[in-house]
Amino acid sequence: MSAFAAAMPTAMGGAAMHEEATDAQLVTRAKEGDAAAFSSLILRHQRIVYNLAFRFMRNATQAEDMAQEAFLKAFRLLEGFRGDSSFSTWLYRVTCSVCLTELDRRKRRGEVDLQPIHDRAETIRSSHADADEAELIRRCVTKLPEKYAQVLTLYYLQEIPYEDLAKIMGAPQGTLKTWMHRARNCLREIVEKELGEGRRHA
Amino acid sequence: MLDKDLDTRMEQALRDEPLRPVPAGLFMRIQRHVRLLAMAQQERQAFRARATLAVACALALILAAGIQLWRTAPLDWAGRRFPGAWGYVDYLRLDWTNTNAGVTLALVAVMASIACAILVALAVPAIAARGRKS
C-alpha cells in the first residue's frame, strides 16, 4: 500500500495542521505525496465545489457525485497542474468540465430528469410563486449552451470578478463580457418560453 | 418594461441563491475514493517499472546470446561433433531467411524471450507479496 493511501484515514487530523498553508503550498506538498495536504484542499474547497456542481445538476445527490468526481479528477491531474492559475480557479474549471460532460452525456442519451419527490415537496412547501419562479430561472441556466451556462454559474456563485473569471474560462475579458450579455439574452428567451408554457398548463 | 422586470427577477434569482451546506459524509466518501485511486496509481507505476525491467533483461539476454553465437560459432562446433550436422549447417547457411527452419528458430527465440519477460513481470509482485506476508 502506498504511503499516500495508508495515510489517508488519518488525514482529517493532519488536515487541521495545514490550516495556515496557502493553496500553492498544499498543492506542492500533495504532489510530493502528503495525504493530509490534499485532504486540506478538499476540506477548504468542498463547499464551493459542491455548490457549483449543484447549480449545474440542480439535484443534491447528483451534485454530490459530481463533486466527488471533480476532486478525483483533480487528484489524477494534479501532477500536470503547473500553477499558472490559482488552485481554486483550476479546480472550478475541472468541476465545470465534469458537470458539463455529464449533462452532455445525459442529453445525448435522452435521459429525462425526474425531479425527486423530496425536491418537489420542497418546492411545493415553499409554494410561493416567487420561490418557484426563482428555481425555474435557476434550472433554465442548465439549458443554456455550455460556455454561457458556465460563465453565468461561475459569476453568480461567488461574484467572481471578471479578471478571475477570464482565467477560469480561458478567454479575454472583452469576450467574457460579450458572453455574459449573450448568456443573459439567451436565458431570458428560455425563461420566457418556460413561463409561457407554465401558464398554458396551469 | 416587462423585459426589465424579468431581467431584474432573473438577476435576483441568480444572485440570491444561497450557498448550500456540504452534505454529511461527503468529505469521508471523497477521501475513501482518493485513497483507492492512489493505490491503483501506485500499482500501475510499480507494474510499469517491473515490465520495463523484464523487457530490458530479455533484450540483454538476446544480445548476450547473439554475441556468444557470433564469437563461438556453435553451428561449426555442432558440425564437428555430430554426424550429418555439417549438412544441416550448410542448409541453414545457404540463406537462412529463406529456409523455414531458420525463420522458425528466430521466431521461437523471440517469442520465448517475450514470454519469459511477461512471466517475470507477472511473477515478481506475487513473489514479493508472499515475501511480505511471511
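An account of the accompanying structure is given in this report. Bear in mind that the values here come from a model prediction, so they are computed numbers and not experimental data.

Turning our attention to a nonpolar patch on the surface. Residues and elements named next belong to chain B. A cluster of nonpolar residues, F47, V110, I114, I118 and L122, forms a patch on the protein surface that exposes about 460 Å² of accessible area. In this structure, I118 sits in helix α5 (residues 100-133). Given the relative accessible area of 47%, I118 is considered partly exposed.

Each aromatic ring pair is described using two quantities: the centre-to-centre distance and the angle formed by the ring planes. All told, the structure shown has six aromatic pairs over all chains when counted by the stated rule. With a centroid separation of 6.0 Å and an interplanar angle of 80 degrees, the aromatic rings of F81(A) and F87(A) are classed as edge-to-face. Of the residues examined, F81(A) reaches a relative accessible area of 8% and is grouped as buried. Measuring from centroid to centroid gives 5.7 Å for F87(A) and W90(A), while their planes differ by 45 degrees, and the two rings are tilted. Linking F87(A) with W90(A), this pair stays in helix α6 (residues 87-108), spanning three residues, or about one helical turn. Across the pair, exposure class does not vary: F87(A) and W90(A) are buried alike. Through a chain of ring-to-ring contacts, the aromatic side chains of F81(A), F87(A) and W90(A) assemble into a single cluster. Cation over ring: R20(B) sits above F54(A), and NZ or CZ is 3.8 Å from the ring centre.

The subject of this paragraph is the interface of chain B and chain A. Every contact between the two is made by 30 residues of chain B and, on the other side, 44 residues of chain A. Contact between chain B and chain A buries roughly 3,700 Å² in total, counting both sides, with carbon and sulfur atoms accounting for 64%. When the area that chain B buries against chain A is broken down by residue, the three leading residues are L14(B), R20(B) and F27(B), summing to 19%. For the pair chain B and chain A, the number of links is seven salt bridges. In this structure, E17(B) and R58(A) form a salt bridge, with 3.0 Å as the shortest nitrogen-oxygen distance.

Criteria and thresholds
- Residues numbered from 1 in each chain as written.
- Chains lettered and ligands numbered in written order.
- Predicted model: local features only at pLDDT ≥ 70, side-chain atom pairs only at ≥ 80, totals over all residues.
- Heavy atoms only, no water.
- Patch = residues over 30% accessible without salt bridge, like charges linked within 9 Å, V, L, I, M, F, W, Y side chains within 5 Å.
- Areas by Shrake-Rupley, 256 points an atom, 1.4 Å probe, with all protein chains shown as cover.
- Salt bridge = Lys/Arg side-chain N within 4 Å of Asp/Glu carboxyl O.
- Helix = DSSP H or I, 4+ residues; strand = E, 2+ residues; numbered from the N terminus.
- Buried < 20%, exposed > 50% of the residue type's maximum accessible area, 1.4 Å probe, protein only.
- Phe/Tyr/Trp six-rings, centres within 6.5 Å; stacked < 30°, edge-to-face > 60°.
- Lys NZ or Arg CZ within 6 Å of the ring centre and 35° of its normal.
- Contact = heavy atoms within 4.5 Å.
- Buried area = accessible area lost by both parts, 1.4 Å probe.

So yeah, pure geometry; function would need other evidence.
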